[in-house]
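Okay, here's what each chain looks like letter by letter:
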Amino acid sequence: RRMKYIIPSDVPLPPVVLDIAPGRDTPIKKEYVYPVAPQGQSSSSSSSSSSSSSTLAPEDIDDAIEGAKADDVMEDKKPNQKRPAGKEKKGKRNKRIEVPRSSVLCINIAKGKGCSFGDKCRNLHDVYVYMASKPPDLGPTCYIFETYGQCPYGITCRFGSNHIKDGHSIVLPTATPIGQGDTFGAVNFLDRDLKVKLQKRAVKFPRSDAIIKVIQEHNQRKNQLNNMSKADREKLASAPSTSTPTPAPAPTTSSSTPTPSDQSVSASAPIPTPESIPDPSSLTPSTSSTSSSSSSSSSSSSSSHPSSSSQPDYIDTPLRTREKRPVDWAGKVYLAPLTTVGNLPFRRICKGFGVDITCGEMALSVNLLQGQPSEWALLRRHASEDLFGVQICGAYPDVMSQCGELLSDSGLSFDFIDINSGCPIDLVCDKGAGSALLERPRRVEGILRGLSTVVDQPVTIKLRTGYTDKVQTAHNIIPKLKEWGASGVTLHGRSKQQRYTKSANWDYIKQCAEVSPLPLIGNGDVYNWRDAVAAYEGGSKVSGVMVARGALIKPWLFTEIKQQRDWDISSRERLDIVRDFAHFGLEHWGSDDRGVQNTREFLLNWLSFAYRYVPLGLLECLPSRMNDRPPRFFGRDDLETLLASGNVADWVKITEMFLGPVPDGFHFTPKHKSNSYEAQG
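Residues numbered from 1 in each chain as written. Predicted model: local features only at pLDDT ≥ 70, side-chain atom pairs only at ≥ 80, totals over all residues. Heavy atoms only, no water.

Participant: How should the overall build of the chain be read in this particular structure?
Facilitator: Looking only at helices and strands, one finds 24 helices and 17 strands in the chain. For the chain, the residues scored as buried account for 53% of the 681 residues in total. Look at the contacts in the chain between residues 6 or more apart in sequence, and 75% of them connect residues 24 or more apart. Of the accessible surface of the chain, which amounts to about 31,800 Å², a share of 50% is contributed by carbon and sulfur atoms. (Helix = DSSP H or I, 4+ residues; strand = E, 2+ residues; numbered from the N terminus. Buried < 20%, exposed > 50% of the residue type's maximum accessible area, 1.4 Å probe, protein only. Contact = heavy atoms within 4.5 Å. Areas by Shrake-Rupley, 256 points an atom, 1.4 Å probe, with all protein chains shown as cover.)

Now the structure itself:
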């Protein structure tokens, strides 16, 4: 089911002014701007007013979507100690309202089934005890039951008044299927047996082990040559080889003509260099005993140096990359993988507005290999996502190759694997992953060669312009990506150090597209359809456009790009989008206590971005830009004013429209901590 929103065609829009510098104050009509309070007086923080521009820090807000686990580690800082330059703020984690497992009804009992764990189950099995202690419902009707004629959460549903009768959840005769295993069209679930094997480290990775051995030997030979002086290289090139070369596989017919590999290196042979070492993708480890015996008989004069023979440790049997189904990136609009807020319900919203490519949230390769269910949940795919990828993050070729082999062989449904080499969060970079890979291109090469060899799907990579502002490195890496095994590349027009303090450098993105042998997708500050069109102008070789923050603030941006028109969306339509997210969240996370709590928290995190939208009808001129700072304003109606509020308490009110009242003791603090408000219930 795809949502359909009607774009009104008779609404007058402000004039278009294209020569306005970015970063200016949003040009809002004076009749919608709150008067500035006299000096020395602070305006009251009304629940229906938006936060002042001085309170907002968009670069801090936007950092929240870049890191996977940035808020999971608290920063130990002494009083009055300044945060090092380039380090992000670390906020408090929202405390969840935990319920003892002995008070939580077993999901199998809730569905009217028998529990497979029996007496070992730690959850409650007594239905009458649960119903006696169950709090009042959060709403009169269950969206899932109204839509499908059944609710898989049974008597634990917090909206079950219309389907719970006499301690049982009813199923209508006209009930429609809700997916295998009650998944509502979602796939890519972690198999229980595979989870146990991963936790016991009982899963083998034969393809990864083979290619990693080749890469390690390849790098070792390069390191040996790098450590040699030029004189030693000349001596090595001029000395006759005394080692017996590794024999090639026996031919079917005899031949007296010697092959190039059977001949010694002559005195006129070129001087060996690290670049002369064959690529590991065309080599496999030697299994011949002749090679080892031959190397042991080498003269002592050459034993301390790598052999100058073209194949001293390898046989010429290519370890070819697996055949991959190509992906057409041309002219596509790509929703960026967004941590926390780029969840499955939000991606369904964006699919309803016409996005072409979607990608799961960034998943840590180490956690996937450990079988952590929370990490595997980031790989879920909905049936509406027709072109879908998974993004993994890691620092080492062996771990990334094993993770890729695991995902490729575990029966998951995805069309490509994306490597995160652009995350700027320090917690990720300090471990050598994310943007830190920009400083280590050889490690990027190993990751790409390993992944492209062991997986069946195309491998892409997401980069930034460089690690620091002063040194741009992407143009040096991008021309080599195809040789390393990549099928596509996405370039964010900012450095790791820059974060979001400046506008994205689209001139540099276009320059990199000129030297890229692969389809290159540009990313950065796409906030209206004109920004997307500009990416292709001037003979640009950019293949597609990636949208990140723009989609969080206005998900209908994809419709604007497709139709190349401005949409002055009404407050009622915006609230309908919030309603759809709440409904999709109940399907995805559940309509029981835990599911409602998850849906509310993810909805609040999204609203912490969505409130930044300024309705087009309030502007003096178009287009609006990503980094513009709006003054305090009110909308054309009360609902539009509420949706523009930067007060967390107002965001909670919006969630209560669809998810019922918050429980006692509930509080929510945005991850970015750019607001000074905290909501408590």
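What follows continues from the structure just given.
Participant: Honestly, the packing of aromatic side chains in this entry has me stumped. Any pointers?
Facilitator: Both the distance between ring centres and the angle between the ring planes are used here to describe each pair of aromatic rings. Applying the stated criterion across every chain, the model contains twelve aromatic pairs. An angle of 75° between the planes, with centres 5.1 Å apart, marks the rings of Trp329 and Phe416 as edge-to-face. In this pair, Trp329 sits in the loop between strand 5 (314–315) and strand 6 (333–335) while Phe416 sits in strand 11 (residues 416–421), placing the two residues 87 residues apart along the sequence. Seen in terms of ring centroids, Phe353 and Trp567 are 6.1 Å apart; in terms of plane orientation they differ by 65°. Their pairing is edge-to-face. One end of the pair, Phe353, is in the loop between helix 9 (344–352) and strand 7 (358–359); the other, Trp567, is in the loop between helix 20 (557–563) and helix 21 (571–589), and 214 residues separate them in sequence. Each of the two residues, Phe353 as well as Trp567, counts as buried. Connected via pairs of aromatic rings, a cluster forms that spans Tyr32, Tyr34 and Phe634. The ring of Tyr527 carries Lys554 above its face, with NZ or CZ at 5.0 Å from the centroid. (Phe/Tyr/Trp six-rings, centres within 6.5 Å; stacked < 30°, edge-to-face > 60°. Lys NZ or Arg CZ within 6 Å of the ring centre and 35° of its normal.)

Participant: What should I look at first to understand the packing of helix 22 (residues 593–610) against helix 24 (residues 648–659) in this one?
Facilitator: To describe two helices that pack against each other, one gives the angle between their axes and the distance between the axes. One can describe the packing of helix 22 onto helix 24 by two numbers: an axis separation of 10 Å at closest approach and a directional angle of 140°. Comparing the axis directions of helix 22 and helix 24 gives the class oblique. Remark: the crossing between helix 22 and helix 24 carries right-handed chirality. Taking contact as the criterion, the partners of Val596, Thr599, Arg600, Leu603, Leu604, Leu607 and Ser608 in helix 22 are, on helix 24, Trp651, Val652, Ile654, Thr655, Glu656 and Leu659. Classifying every residue of the contact of helix 22 with helix 24 gives eight nonpolar, three polar and two charged. (Axes fitted to C-alpha atoms, helices over the stretch in contact; angles between N-to-C directions. Parallel < 35°, antiparallel > 145°, perpendicular 65-115°, else oblique. Left-handed = near helix turned anticlockwise from the far one by under 90°. Nonpolar A, V, L, I, M, F, W, Y, C, P; charged D, E, K, R; others polar.)

Participant: Looking at this structure, how should I read the environment of Ile392?
Facilitator: In this structure, Ile392 sits in strand 10 (residues 388–393). With twelve residues separating them in the primary sequence, Ile392 and Gly404 have C-alpha atoms 8.6 Å apart. Dropping the residues within four chain positions of it, Ile392 is found in contact with Ala363, Leu368, Met400, Cys403, Leu407, Ile417, Asp418, Ile419, Asn420 and Leu451.

Participant: Which parts of the structure should I look at to understand the nonpolar core?
Facilitator: Nonpolar side chains in soluble globular proteins generally cluster together in the buried interior. Counting 139 residues, the largest nonpolar core has Leu407 and Leu481 as the members making the most contacts within it. Counting residues in hydrophobic clusters, the runner-up holds ten residues, among them Ile109, Ala110, Tyr130 and Ile164. (Core = buried A, V, L, I, M, F, W, Y, C linked by side-chain atoms within 4.5 Å.)

Participant: I'm lost on helix 12 (residues 397–409) in this one. Help?
Facilitator: The α-helix advances 3.6 residues per turn, and as a result positions three or four apart in sequence lie on the same side. Taking 1.5 Å per residue as the helical rise, helix 12 with its 13 residues ought to reach 18 Å, and the 18 Å between its terminal C-alpha atoms agrees with that figure. The element helix 12 is extensively covered by neighbouring structure, given that ten of its 13 residues are classed as buried. All buried positions along helix 12 are accounted for by Pro397, Val399, Met400, Ser401, Cys403, Gly404, Glu405, Leu406, Leu407 and Ser408. Just beyond helix 12, the residue with positive phi is Gly411, at close to 80°. (Expected span 1.5 Å × (residues − 1).)

Participant: Any chance you could explain the pairing of strand 13 (residues 488–492) here in plain terms?
Facilitator: Along any regular strand the residues' side chains alternate between the sheet's two faces. Of all five residues in strand 13, five are buried, a share of seventy percent or more. Covered by surrounding structure in strand 13 are Gly488, Thr490 and His492 together with Val489 and Leu491, the residues of both alternating faces. Two strands pair when backbone bridges link them, and strand 12 (residues 459–464) and strand 13 are joined in this way by five bridges, in the parallel orientation. For Thr460, the partnering residue across the bridge sits in strand 13 and is Gly488. This β-α-β element, strand 13 to helix 17 (residues 506–515) to strand 14 (residues 520–523), shows right-handed connectivity. (Pairing = 2+ DSSP bridges. Right-handed = clockwise from strand over helix to strand, strands pointing away.)

Participant: Mind showing me how you'd approach the pattern of salt bridges here?
Facilitator: Should their charged atoms come close, side chains of opposite charge can pair. In this structure the tally under the stated criterion is 24 salt bridges. Between Asp593 and Arg158 there is a salt bridge whose closest N-O contact spans 2.5 Å. Within this pair, whereas Asp593 is found in helix 22, its partner Arg158 is found in the loop between helix 4 (143–148) and strand 1 (164–165), the two being separated by 435 residues in sequence. The salt bridge involving Arg636 is made with Glu640; its shortest N-O contact spans 2.9 Å. In this structure Glu640 comes out as buried when scored by relative accessible area, which is 2%. (Salt bridge = Lys/Arg side-chain N within 4 Å of Asp/Glu carboxyl O.)

Participant: How do you make sense of the side chain of Arg494 when you look at a structure like this?
Facilitator: When you line up the elements, Arg494 lands in the loop between strand 13 and helix 17. Within the structure, the side chain of Arg494 is placed 2.7 Å from the backbone oxygen of Lys502, a separation counted as a polar contact. Discounting residues that sit within four places of it in the chain, Arg494 has contacts with Arg464, Thr465, Gly466, Arg499, Tyr500, Lys502, Ser503, Ala504, Gly524, Asp525, Arg549 and Asn627. (Polar contact = N/O pair within 3.5 Å; in protein donor to acceptor, adjacent residues only side chain to side chain.)

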